[in-house]
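Chain by chain, the residues run as shown.
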Amino acid sequence: MNKEIIKIAVEYQENLNKCKEYRKKYLLIDTGKEIIENFNGNILPKFNTYKDPYINEEIKFKKLITDLDIVNQNIIESHQIWEKIKETELNIDIQVYNSYLFKRIDKLHEYIAFDLKHFIDEVIATISVIKGAVTNDKICISSIGDYLHVKNDKFHDFDDFKDLFVKLDDLSNSYKHSYANSDFPAVGQNEDCFVALYSKHNNFSNQPIPYVVSINYIVEEFNKFYKFAFELIDNLTK
């Protein structure tokens, strides 16, 4: 039994070290924990004595934070596939086109964009409730789209992140239901990028918008948002 426990502990430490090495190599979401580390309540946002009238905010944010572990896994895999694709392109003697790799990286980008947008949507909804932006038990601002387009004099806290919001919203919509998006199969030239062709509302009277957005840029801005949002929750609930 002791040997088995020691073996499990050694394997866990080896995997944890791999996670730390990935963080040195790639820009990842910073939640205060590595991917495989067990959840610790100390990394939750501080709600102080505040109690949400609709949900258990600790359960919500535990789910949201641990969801980001999966996002980090997807970011790592995306970068690794991108490196493999570029390495193949550079090796003129062995030109191997693997359709699976291109499909896999495209789906990873879709998952990453959706999960980051979902996290931000949930934070926006939480701040709305804390601020009392609720009418007849309906949360007035509960998503990136609401924040960008619904007027509310009480809620301007995230204006510095509008570029991040617009890009994630458009990317997520492109992957979900842009009819033109199938016409833009590509990968980033110099770095791993989200690539999409956005036909807003599938209205072709306007030219579809091509998006080539650095994943590192999105992660960097998201990390700033993450830190700011947790500080804001703490300040609003003191």
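Fair warning: this is a prediction, and the values are worked out from it, not measured in the lab. (Residues numbered from 1 in each chain as written. Predicted model: local features only at pLDDT ≥ 70, side-chain atom pairs only at ≥ 80, totals over all residues. Heavy atoms only, no water.)

How would you explain the packing of helix α3 (residues 99-131) against helix α6 (residues 215-237) if you had to name every residue and give the values?
For the pair α3 and α6, the least separation of the axes is 11 Å and the interaxial angle reads 20 degrees. What the angle tells us is that α3 and α6 run roughly parallel. For the pair α3 and α6, the crossing hand works out as left-handed. Taken together, the residues of α6 that come into contact with α3 (itself represented by H109, L116, F119, I120, V123, I127, I130 and K131) are I215, I218, F222, F225, Y226, A229, F230, L232, I233, L236 and T237. When the residues that make up the contact of α3 with α6 are grouped by side-chain class, the tally is 16 nonpolar, two polar and one charged. (Axes fitted to C-alpha atoms, helices over the stretch in contact; angles between N-to-C directions. Helix = DSSP H or I, 4+ residues; strand = E, 2+ residues; numbered from the N terminus. Parallel < 35°, antiparallel > 145°, perpendicular 65-115°, else oblique. Left-handed = near helix turned anticlockwise from the far one by under 90°. Contact = heavy atoms within 4.5 Å. Nonpolar A, V, L, I, M, F, W, Y, C, P; charged D, E, K, R; others polar.)

So what's going on with the environment of I105? Residues and values would help.
Topologically, I105 is positioned in helix α3. With sequence-adjacent residues up to four places away left out, I105 is seen in contact with S78, I81, W82, V187 and D192.

Tell me about the layout of surface pockets, and please be specific about residues and values.
Empty space within the second largest pocket amounts to approximately 220 Å³. Residue assignment for the lining of the second largest pocket shows that the elements contributing at least two residues are α4 (144-149) and α5 (162-177). Examining the composition of the lining of the second largest pocket, we find that five residues originate from one element, α5, more than from any other. Among the residues making up the lining of the second largest pocket, the classes are represented as four nonpolar, six polar and three charged. (1 Å grid on protein atoms, 1.4 Å probe; cavity = no way out; pocket = protein on both sides within 12 Å on 5 of 7 lines; lining within 4 Å. Points joined across faces, edges and corners; volume = space filled by probe spheres on them.)

Please provide a residue-by-residue account of the pairing of strand β3 (residues 193-198), values included.
Counting buried positions along β3 yields six of six residues, so the element is predominantly enclosed. One ladder, built from six bridges, connects β3 with strand β4 (residues 209-214); its direction is antiparallel. Residue pairing for β4: C193 is matched across the bridge by S214. (Buried < 20%, exposed > 50% of the residue type's maximum accessible area, 1.4 Å probe, protein only. Pairing = 2+ DSSP bridges.)

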